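So you can see what is in the structure, the chains are spelled out below.
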Amino acid sequence: MKAENDQRTGLLYGFASYGMWGIVPLFWPLLQPAGAIEILAHRMVWSLAVVAVALLALRRWAWVAELVRQPRKLALTALAAALVTVNWGVYIWSVNNGAVVEASLGYFINPLVTIALGVLVLGERLRRTQWAAVGIAVAAVLVLAVGYGRPPWISLILAFSFALYGLIKKQLGMGGLESLTAETVIMFLPALGYLLWLGARGESTFTAQGPGHAALLASAGLVTAIPLICFGAAAIRVPLSTLGLLQYMAPIFQFGLGVLYFHEAMPPARWAGFSLVWVALSILTWDALRTAHRARALRLDTLAGPLPAPLPSALPTPARETA
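In this text the structure is predicted, and so the values were computed from the model without any measurement.

## A look at the confidence of the model for the protein
Part 1 of the reasoning: Averaged over every residue, the pLDDT of the protein is 83; the share at 70 or more is 90%.
Part 2 of the reasoning: Note that residues 313-323 has pLDDT below 50 and, in this model, zero contacts with residues that lie over four places away or in other chains.

Given below as structure tokens:
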């Protein structure tokens, strides 16, 4: 019963995290006239404040000394911080410049880029269905490049930066809250320096646009941290296959907002490219579910072991009647 309640709670956390990530395009335009870099800097600064409060409440500081004593781990954390900075910055810029649909495409193709990196970097071997999904995704990008008149750079930058970020996080093996804290600590001084420089030039919107605008900029820390905390709570309660399916919620919501709310254009070539991406993701999802089902069945068979031989009957076999 407890396991069932945990899984139900995990699903709620998962829906909350991906739901918030899905509707976040509605938030960034509220921060205008601040530019994308100013918004990004505030996101870094205020995120550190939020996660520091969370760590103080949980009293989880032992990992800091361990991280400082490992130069390689510290260097990987700095690289992860740089990648997530690029990802956040490009995403904020794309939302505030009418490219929500193209940004959503980046998160649709992210799982496929992750698979490709697994082959190229980690030497993983793909099943035929995975190769088919990757091939269809490449075709989709080519179709979209024709439709846009250029490669979908926003989508590709978002997909590759987040996939590489995930690859580094896998190498680090740190908890979600701890890794976010380490990354924001690394980004804090450059971000704060940029904000102070903007203020000295009289170009900061933090104090120039009134207390409401300042409060919205500060709330960027909560907008960053709360979905990540919910994601961490979901990750320890639900199977990875379920979490993998939930991840499609965010780009679906973003795509819907781009088309229905922001009224971005969707000519036929774009529909064709997105349709190919969705076909590739359907193949990938089906393959993942089938593989998970087979692995679970094999595990159950292994646990059950071979059936015992039938015991000899204690009763004599009745003699067959003769005519």
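That was the structure; now back to the text.
## A word on the side chain of R270
Part 1 of the reasoning: Here R270 shows up in helix α13 (residues 268-304).
Part 2 of the reasoning: This buried residue, R270, is left without a salt bridge; E264 holds the nearest opposite charge, at 5.8 Å.

## Brief notes about the pattern of salt bridges
Part 1 of the reasoning: This structure, assessed with the given rule, holds four salt bridges.
Part 2 of the reasoning: As a salt-bridge pair, D287 and R127 come within 2.6 Å of each other at their nearest N and O atoms. Taken together, the positions of D287 in helix α13 and R127 in the loop between α5 (100-120) and α6 (128-148) put the pair 160 residues apart, joining distant regions of the chain.
Part 3 of the reasoning: The exposure class of R127 is partly exposed, given its relative accessible area of 34%.
Part 4 of the reasoning: As a salt-bridge pair, D287 and R290 come within 3.1 Å of each other at their nearest N and O atoms. One end of the pair, D287, and the other, R290, are both in helix α13, three residues apart, so they sit about a helical turn from each other.
Part 5 of the reasoning: Exposure remark for R290: the relative accessible area of 27% places this residue in the partly exposed category.

## Here we look at the packing of α5 against helix α7 (residues 153-172)
Part 1 of the reasoning: Where α5 contacts α7, the axes come no closer than 7 Å and their chain directions differ by 45°. When the interaxial angle is binned, α5 and α7 end up oblique. Relative to α7, the crossing made by α5 is right-handed. Seen from α5, the contacting residues are E102, A103, L105, G106, Y107, I109, N110, V113, T114 and L117; seen from α7, they are W153, I154, S155, L156, L158, A159, F160, F162, A163 and L164.
Part 2 of the reasoning: Of the residues belonging to the contact of α5 with α7, the class tally is 15 nonpolar, four polar and one charged.

## Topic: the packing of aromatic side chains
Part 1 of the reasoning: On inspection of all chains with the given rule, the structure shows 16 aromatic pairs.
Part 2 of the reasoning: Summarising the aromatic geometry, the rings of F108 and F274 are spaced 6.4 Å apart at their centres and angled 90° between planes, so their arrangement reads as edge-to-face. In this pair, F108 is assigned in helix α5 and F274 in helix α13, connecting sequence segments 166 residues apart.
Part 3 of the reasoning: With a relative accessible area of 3%, F108 lands in the buried category.
Part 4 of the reasoning: An aromatic cluster is built from F108, F255, W271, F274 and W278, whose rings are joined through pairwise contacts.

## So, the nonpolar core
Part 1 of the reasoning: By size, the foremost hydrophobic cluster in this structure holds 47 residues, and its most contacted members are W28, I39, W88, Y91 and L158.
Part 2 of the reasoning: Counting residues per element, the ones that place at least two in this core are α2 (36-58), α3 (62-68), α4 (71-96), α5, α7, α8 (176-200) and α10 (220-235).
Part 3 of the reasoning: A total of eleven residues in this core trace back to one element, the largest contributor, which is α2.
Part 4 of the reasoning: When neighbours within four sequence positions are excluded, I39 is seen to be in contact with W28, L31, A34, I92, N96 and L217.
Part 5 of the reasoning: Judged by nonpolar contacts, the second largest core, of 26 residues, contains F108, I115, A140 and V277.

## Some points on a nonpolar patch on the surface
Part 1 of the reasoning: A contiguous nonpolar surface patch, about 480 Å² in accessible area, is contributed by I23, L26, I252, F253 and Y261.
Part 2 of the reasoning: With three residues, helix α12 (residues 249-261) is the largest single contributor of residues to the nonpolar patch.
Part 3 of the reasoning: The residue I252 is located in helix α12 in this model.
Part 4 of the reasoning: Note on I252: relative accessible area 48%, which makes it partly exposed.

## Things to note about the packing of α4 against α7
Part 1 of the reasoning: Viewed as axis vectors pointing N to C, α4 and α7 meet at an angle of 155°, and their least axial separation amounts to 9 Å. Relative to α7, α4 is oriented roughly antiparallel. The element α4 and its partner α7 pack so that their crossing is left-handed.
Part 2 of the reasoning: Across the contact of α4 with α7, the residue classes break down as 17 nonpolar, five polar and one charged.

## Here we look at the environment of A57
Part 1 of the reasoning: Along the polypeptide, A57 turns up in helix α2.
Part 2 of the reasoning: For A57, a relative accessible area of 62% corresponds to the exposed category.
Part 3 of the reasoning: Through-space distance from the C-alpha of A57 to that of L198 is 33 Å; in sequence the pair is 141 residues apart.

## What about unusual backbone geometry?
Part 1 of the reasoning: Of note, the amide linkage connecting Q32 to P33 takes the cis form, showing an omega dihedral of 20°.
Part 2 of the reasoning: Structurally, the position occupied by P33 is in the loop between α1 (2-23) and α2.
Part 3 of the reasoning: Of note, H263 is a non-glycine position whose phi angle comes to about 55°, a positive value.
Part 4 of the reasoning: Turning to its location among the elements, H263 is positioned in the loop between α12 and α13.

Criteria and cut-off values
- Residues numbered from 1 in each chain as written.
- Predicted model: local features only at pLDDT ≥ 70, side-chain atom pairs only at ≥ 80, totals over all residues.
- Heavy atoms only, no water.
- pLDDT = per-residue confidence, 0-100.
- Contact = heavy atoms within 4.5 Å.
- Helix = DSSP H or I, 4+ residues; strand = E, 2+ residues; numbered from the N terminus.
- Buried < 20%, exposed > 50% of the residue type's maximum accessible area, 1.4 Å probe, protein only.
- Lys, Arg positive; Asp, Glu negative; His and termini not counted.
- Salt bridge = Lys/Arg side-chain N within 4 Å of Asp/Glu carboxyl O.
- Axes fitted to C-alpha atoms, helices over the stretch in contact; angles between N-to-C directions.
- Parallel < 35°, antiparallel > 145°, perpendicular 65-115°, else oblique.
- Left-handed = near helix turned anticlockwise from the far one by under 90°.
- Nonpolar A, V, L, I, M, F, W, Y, C, P; charged D, E, K, R; others polar.
- Phe/Tyr/Trp six-rings, centres within 6.5 Å; stacked < 30°, edge-to-face > 60°.
- Core = buried A, V, L, I, M, F, W, Y, C linked by side-chain atoms within 4.5 Å.
- Patch = residues over 30% accessible without salt bridge, like charges linked within 9 Å, V, L, I, M, F, W, Y side chains within 5 Å.
- Areas by Shrake-Rupley, 256 points an atom, 1.4 Å probe, with all protein chains shown as cover.

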